[in-house]
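So you can see what is in the structure, the chains are spelled out below.
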Amino acid sequence: MPRAVDLFVNVGALRLANPIIADSGTFGYGVEFAHLVDLNRLGGVVVKGLSLEPMAGAPAPRLCETPSGMLNAVGLQNIGARAFVAEKLPILRSYHTAVIANVFGCTVDEYVEVIRILEDADGLAGYELNISCPNTAHGGIQFGSDPELAGEVVAAVRSVAKRPLWVKLSPNVTDITAIARAAEAAGADALTIANTYQGMAVDTQTRKSKLGRISGGLSGPAIRPITLRLVYEASRAVKIPIIGLGGIEKAEDVLEYLIVGAMAVQIGTATFTDVAACQNIITNLERTCRSAKIPAISRLTGTLNANSA
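Residues numbered from 1 in each chain as written. Predicted model: local features only at pLDDT ≥ 70, side-chain atom pairs only at ≥ 80, totals over all residues. Heavy atoms only, no water.

Points about the packing of helix 4 (residues 176–185) against helix 5 (residues 224–235)
As a packed pair, helix 4 and helix 5 sit with axes 9 Å apart at the nearest point and diverge in direction by 50°. When the axis of helix 4 is compared with that of helix 5, the two are oblique. As for how helix 4 packs across helix 5, the hand of that crossing is right-handed. In this structure, helix 4 uses I176, T177 and A180 to contact helix 5, whose residues at the interface are L230, E233 and A234. Residue composition of the contact of helix 4 with helix 5, by class: four nonpolar, one polar and one charged. (Axes fitted to C-alpha atoms, helices over the stretch in contact; angles between N-to-C directions. Helix = DSSP H or I, 4+ residues; strand = E, 2+ residues; numbered from the N terminus. Parallel < 35°, antiparallel > 145°, perpendicular 65-115°, else oblique. Left-handed = near helix turned anticlockwise from the far one by under 90°. Contact = heavy atoms within 4.5 Å. Nonpolar A, V, L, I, M, F, W, Y, C, P; charged D, E, K, R; others polar.)

Structure follows, in structure tokens:
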């Protein structure tokens, strides 16, 4: 009988059954997929971003297919933190998969208040801060585009959050290592790298955007090589764990992210073409590791051959 592969990984204080995590924004609140996917097979689920008050989101159309990818402009539609605690979290508690709440706001106070609401509820394994949001108190500049602002919001949340704190970084910056170091110094337990890339698509007949907004976030396999580089650079700049995110479709993609420095990964756009993408990747990951004689997947992290760099 083939020997079992150890897929367990430790992301800071969180021990996950495997490195495959469903990404925020592509997997709803998790409960919507429970009849299609065995949630208990997943290493974790990051729920749809939660704000202080419910948000209606962006006008349609919200999605647009691109070569080897997709643009989205959903506008962070969500039911709000309080409704999530009342309606979704009780269902999620019945699963043993790690549930991470993605949190965002337009001011530091909003981030803190959302965390306070979630801190009073049972069933969450940790938080993921989306700092790619515009800071209305500073003229609309994104929290994640400035090391000082990134450090400010992470430190404020850290002061009230008792659970593990992940910070999701934006790739739309000149030097991601500066933001990574700022988040680490402010108390982040791990970094998610990275959010989507800003992009556009135009209908040449109408000369209008193919989205309800002028631009949106580019995701999918087209971005994987770029994000791999960001993960590699950040992993050399910080000591905290990194979760890689961007364009993962198969087991080999996961191994790439681990080799360049990630401890775990998140699966996003692949779920749009295959609702069971996360579960299938886990199955294939085990087979791939067994075939490659990798007994414990956690040993792959940061093993890039220096001669190839």
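Things to note about the sheet that holds strand 7 (residues 98–103)
With parallel pairing, eight strands are arranged side by side around a closed barrel as 3-4-7-8-9-10-15-16. On average, adjacent strands in this sheet sit at an angle of 25° to one another, irrespective of strand direction. As paired elements, strand 3 (residues 20–22) and strand 16 (residues 264–267) share three bridges and run parallel to each other. Bridge pairing in strand 16 places A22 opposite I267. Strand contacts of helix 4: strand 9 (165–169) and strand 10 (190–193), with the helix running at about 160° to strand 9, the strand carrying the most contacts. Across the face of the sheet, helix 5 comes into contact with strand 10 and strand 15 (242–245) while running at roughly 170° to strand 15. (Pairing = 2+ DSSP bridges.)

Quick look at helix 8 (residues 277–291)
With 15 residues, helix 8 should reach 21 Å at 1.5 Å per residue; the first-to-last C-alpha distance of 21 Å fits that figure. Looking one or two residues past helix 8, K293 carries a phi angle of roughly 60°, positive in sign. (Expected span 1.5 Å × (residues − 1).)

Focus: the packing of helix 2 (residues 108–119) against helix 3 (residues 147–158)
Interaxial distance between helix 2 and helix 3 falls to 9 Å at its minimum, and their mutual angle equals 30°. The orientation of helix 2 relative to helix 3 falls into the category roughly parallel. Handedness of the helix 2/helix 3 crossing: right-handed. Along its contact with helix 2, which presents V108, Y111, V112 and I115, the element helix 3 presents E152, V153, A156 and V157. Class assignment for the residues of the contact of helix 2 with helix 3 results in seven nonpolar, no polar and one charged.

Quick word on the pattern of salt bridges
Applying the stated rule across the entire model yields 10 salt bridges. Residue E53 is joined to R82 by a salt bridge in which the shortest nitrogen-to-oxygen separation is 3.7 Å. Placement of E53 in the loop between strand 4 (44–50) and strand 5 (63–66) and of R82 in helix 1 (residues 81–92) is noted, with a sequence separation of 29 residues between them. On the basis of relative accessible area, E53 is assigned to the partly exposed category, the value being 47%. The salt bridge involving E119 is made with R163; its shortest N-O contact spans 4.0 Å. Taken together, the residues E119 in helix 2 and R163 in the loop between helix 3 and strand 9 connect sequence positions 44 residues apart. Because the salt bridges share partners, they merge into one network encompassing R224, K250, D253 and E256. (Salt bridge = Lys/Arg side-chain N within 4 Å of Asp/Glu carboxyl O. Buried < 20%, exposed > 50% of the residue type's maximum accessible area, 1.4 Å probe, protein only.)

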